Amino acid sequence: METAEYLAGRGIRCIVVKRRPDIGGKLDPLARAILLRRLESLGVQVRTGVEVVRFETDEQGLTTVVARPWPYQEDASELRFPAETVIIGMGLRGDRSLADALTDQPDVYTIGDCVKPREVLDAVHEGFEVGRTV
Ligand SMILES: Cc1cc2nc3c(=O)[nH]c(=O)nc-3n(C[C@H](O)[C@H](O)[C@H](O)COP(=O)(O)OP(=O)(O)OC[C@H]3O[C@@H](n4cnc5c(N)ncnc54)[C@H](O)[C@@H]3O)c2cc1C
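What you are looking at is a predicted structure, and each value in this text was computed from that prediction instead of being measured.

Draft legend 1. Structural view of the overall build of the protein chain. The secondary structure content of the protein chain amounts to four helices and five strands. Taken from the N to the C terminus, the helices and strands of the protein chain come in the order α-β-α-β-β-β-β-α-α. For a compact globule of 134 residues, the expected C-alpha radius of gyration is about 14 Å, and the protein chain comes in at 20 Å, more than 25% above that figure. Considering only residue pairs separated by 6 or more positions, the protein chain has 36% of its internal contacts joining residues 24 or more positions apart.

Draft legend 2. Local environment of the site of the ligand. By nearness alone, every residue bordering the ligand is listed as E2, L27, A31, L98, G112, D113, C114, R118, E119, V120, L121 and A123. If one sorts the elements of the shell around the ligand by residue count, helix α4 (residues 120-133) sits on top with three residues. Grouping the amino acids of the shell around the ligand by side-chain chemistry returns seven nonpolar, one polar and four charged.

Draft legend 3. Region of interest: the environment of L121. Mapped onto the elements of the fold, L121 is located in helix α4. Overall, L121 belongs to the exposed group, with 8 C-beta atoms counted inside 10 Å. Sequence separation between L121 and E40 is 81 residues; the distance between their C-alpha atoms is 28 Å.

Draft legend 4. A look at the sheet that holds strand β5 (residues 79-83). Spatially, the three strands line up as an open sheet ordered β3-β4-β5, and their pairing is antiparallel. Lying at the two open borders of the sheet, with one neighbouring strand each, are β3 (50-57) and β5. Between one strand axis and the next, the sheet turns through 25° on average, direction left out of account. As paired strands, β3 and strand β4 (residues 63-69) are joined by seven bridges and run antiparallel to one another. Within β4, the residue paired with V52 across the bridge is A67.

Cut-offs applied
- Residues numbered from 1 in each chain as written.
- Predicted model: local features only at pLDDT ≥ 70, side-chain atom pairs only at ≥ 80, totals over all residues.
- Helix = DSSP H or I, 4+ residues; strand = E, 2+ residues; numbered from the N terminus.
- Rg over C-alpha atoms; globule rule 2.2 N^0.38 Å.
- Contact = placed C-beta atoms within 7 Å.
- Near = placed C-beta within 6 Å.
- Nonpolar A, V, L, I, M, F, W, Y, C, P; charged D, E, K, R; others polar.
- Buried ≥ 20, exposed ≤ 12 C-beta atoms within 10 Å, placed from the backbone.
- Pairing = 2+ DSSP bridges.
- Axes fitted to C-alpha atoms, helices over the stretch in contact; angles between N-to-C directions.

In structure tokens:
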């Protein structure tokens, strides 16, 4: 959603497609309401309950995102979203490469998203706890 906000703010037409019926569920309610209102004012279409099933590219190189309603419905017709650029956001994974390279070093602590992607407060809390012990 933040990416759509960023792009729409630069005049790029955006459609956010999401399989689950909710959007921004991890944000606090006020931040979520502000972001959704901002997306609306920027003309970003938010389509929830829609599952992307494939991408098609025609002879001119134009891409179409082909989707269908989610949960699956036997007779539902496909939805088609022509797109110049497709941004896929399918969750986050911590990057442990630096921590793994330092396993033979003393006093190396991992905190925050490196342990597991979560929220700012988790990282701050873990940093605080490590700071207390060193
Ligand atoms: C799009 C998006 C929206 C989010 N929205 C929210 C939200 O609304 N509320 C919320 O609570 N959380 C939100 N989060 C999650 C939150 O940003 C993270 O949980 C938090 O930033 C984790 O803090 P961190 O210090 O562990 O990692 P980071 O904030 O990612 O900091 C890690 C730092 O280490 C640097 N770094 C990495 N590798 C190296 C290296 N080899 N050498 C030197 N430096 C390096 C990086 O450049 C970065 O500056 C969001 C995350 C994303 C991606």
